[in-house]
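Examining the three-dimensional arrangement
Listed below, chain by chain, are the residues.
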Amino acid sequence: MSTELKALLFDVDGTLADTERDGHRIAFNAAFEEFGIGWHWDVDLYGKLLAVTGGKERMKHYASAYLHNVNVPDDFDQLISELHAAKTRHYTTLLASGAIPLRPGIARLLKEARSEKLRLAIATTTTPDNVAALLDNTLGRSSLEWFDVIAAGDIVPAKKPASDIYDYALNEMQLAPEECLAFEDSHNGILSSMGAGIATIITVNDYTRDHDFNRALLVLDTLGEPDRPFTALRGTPDNHTYVNCALLRQLHKRHW
Ligand code: XBP
Ligand code: MG
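Residues numbered from 1 in each chain as written. Chains lettered and ligands numbered in written order. Predicted model: local features only at pLDDT ≥ 70, side-chain atom pairs only at ≥ 80, totals over all residues. Heavy atoms only, no water.

Turning our attention to the overall build of the chain. A tally of regular secondary structure across the chain gives nine helices and seven strands. For 256 residues, the compact-globule estimate of 2.2 N^0.38 gives 18 Å, and the C-alpha radius of gyration of the chain, at 18 Å, lies within 12% of that figure. When its C-alpha atoms are laid out on the principal axes, the chain stretches across 60 × 35 × 35 Å. Burial statistics for the chain: of 256 residues in total, 51% are counted as buried. For the chain, the accessible surface area stands at approximately 11600 Å², while carbon and sulfur atoms represent 48% of it. Side chains of the chain carry 25 positive and 36 negative charges; the gap between the two charge centres is 5 Å. (Helix = DSSP H or I, 4+ residues; strand = E, 2+ residues; numbered from the N terminus. Rg over C-alpha atoms; globule rule 2.2 N^0.38 Å. Buried < 20%, exposed > 50% of the residue type's maximum accessible area, 1.4 Å probe, protein only. Areas by Shrake-Rupley, 256 points an atom, 1.4 Å probe, with all protein chains shown as cover. Lys, Arg positive; Asp, Glu negative; His and termini not counted. Charge placed at Lys NZ, Arg CZ, Asp CG, Glu CD.)

Spelled out as C-alpha cells, the structure:
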C-alpha cells in the first residue's frame, strides 16, 4: 500500500528566504557594534560560521575557535544571551523594513498546498520571533496560522544537524515521516530532516551550493515560477519547470 503525501515541512533560513548574508549577518554585526565588543563578521567568515547552527551557539563557537576565548568575561553566557536578544531586535527590525523577500516559488507553493489540503509546518533553528517577523512581513500576519506547528529555536535541546526539531514537528502533527516532504537548503538541514526519516528537496543558495546533498530527492537552484523555470542540479523533475503539488506527489510516490 503506498503512503499518501499529507504534509510539507519547511526550513526557514536559506529556504523560505535568503536571510543569512544580508539579514542575520547584518543583525549580528549591529549587535556587536551596539555592545562595543569589536567583533565583525564579513561575508566569507560568516559562511564558515554557518557550519554551527543557532545564533548563540555560533557566537560561542566564534569566541572559542577564532578568539581562543581571550578576554571572555566570567559571565560569558549572560553576555551571549544579551547579544542575542539585541541581534534578534536588529533582525526583526530589518525584516519589518521589507529588506528580505521570500525566495521564488515559496508563496505560490504554500498557497497551492493549502488549497490542496496539504498540511504545513516549519522546522527551524532560528528564534520564533524571527519566523513570525518573516511571515508577517511577507505573507501577512494571518499566514502564521497556515502552519500546524512552527517548531523553532530552543524548543528542542539539540539544534540541526540533530533531527530533534523535525521529530518534534512530526510528533506535534501526529504524522509519520513517510507522509511528509521537507524543504531545506543546507547540509546541516538535510542531515536533520533525513535523520527524522523525511525525504527532502533542496534549494541551494550561494552559501550552500557546494554542500553534500547526495541523499536529496531533488536539488534545485530555486522552486521556480511558471515564468522563471528552476535549474535541476540533481534528480529528475520529469517535465516540470517549477515545483507544484503535482510534482511533489510524483516525487513522493516514486520514493516511497
Ligand atoms: C539557521 C541558523 C540560524 C540563524 C540565526 O539554520 O543557523 O541560527 O543563522 O538564528 P537553519 P538565531 O536554516 O538550518 O534552521 O540567531 O535566531 O539563532
Ligand atoms: Mg536553512
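Our focus in this paragraph is the pairing of strand S1 (residues 7-10). Burial of the side chains of S1 extends over both faces: Ala7 and Leu9 are buried on one face and Leu8 and Phe10 on the other. Where S1 and strand S2 (residues 119-124) come together, four bridges link them in parallel fashion. Bridged to Leu8 within S2 is Leu120. When S1 meets strand S4 (residues 180-184), the two strands line up parallel, connected through four bridges. Each bridged residue has a counterpart across the sheet, and for Leu8 the counterpart in S4 is Leu181. (Pairing = 2+ DSSP bridges.)

At this site the magnesium ion (ligand 2) is bound by Asp11 (OD), Asp13 (O) and Asp185 (OD), with donor distances of 2.1 to 2.2 Å. All donor residues of the magnesium ion (ligand 2) come from one chain, and their arrangement in sequence is D-x1-D-x171-D. (Donors = N, O, S within 2.8 Å, 3.2 Å for Na, K, Ca; no water.)

Let us look at the site of ligand 1. Residues in close proximity to ligand 1 total 18 residues, the closest being Gly55, Arg58, Lys87, Thr125 and Thr127. Backbone polar atom of Gly54 to an oxygen atom of ligand 1: 2.8 Å apart, as the coordinates give it. Here the element with the most residues in the shell around ligand 1 is helix H1 (residues 20-34); it accounts for three residues. Looking at the shell around ligand 1 residue by residue, the class counts come to two nonpolar, ten polar and six charged. Residue contributions to the shell around ligand 1 reach at least three from each of two domains, namely domain 1 (7-18 + 101-255) and domain 2 (20-96). (Near = heavy atom within 4 Å. Polar contact = N/O pair within 3.5 Å; in protein donor to acceptor, adjacent residues only side chain to side chain. Nonpolar A, V, L, I, M, F, W, Y, C, P; charged D, E, K, R; others polar. Domains from an automatic or database assignment.)

Turning to the sheet that holds S4, a few remarks are in order. Pairing in this open sheet of seven strands is mixed, and the strands run S3-S2-S1-S4-S5-S6-S7 from one edge to the other. The sheet is open, and its two edges are formed by strand S3 (149-152) and strand S7 (232-234), each paired on a single side. The sheet shows a mean angle of 25° between the axes of neighbouring strands, direction not considered. Looking at chain direction, strand S6 (residues 218-220) and S7 are connected through two bridges and run antiparallel. Residue pairing across strands places Leu220 opposite Ala232, the latter belonging to S7. Packed on one face of the sheet, helix H6 (residues 128-138) meets S2 and S3 and runs near 130° to S3. Running over the sheet, helix H7 (residues 164-173) touches S1, S2, S3 and S4 and is turned about 160° from S3. (Axes fitted to C-alpha atoms, helices over the stretch in contact; angles between N-to-C directions. Contact = heavy atoms within 4.5 Å.)

This is a description of form; function is not addressed.
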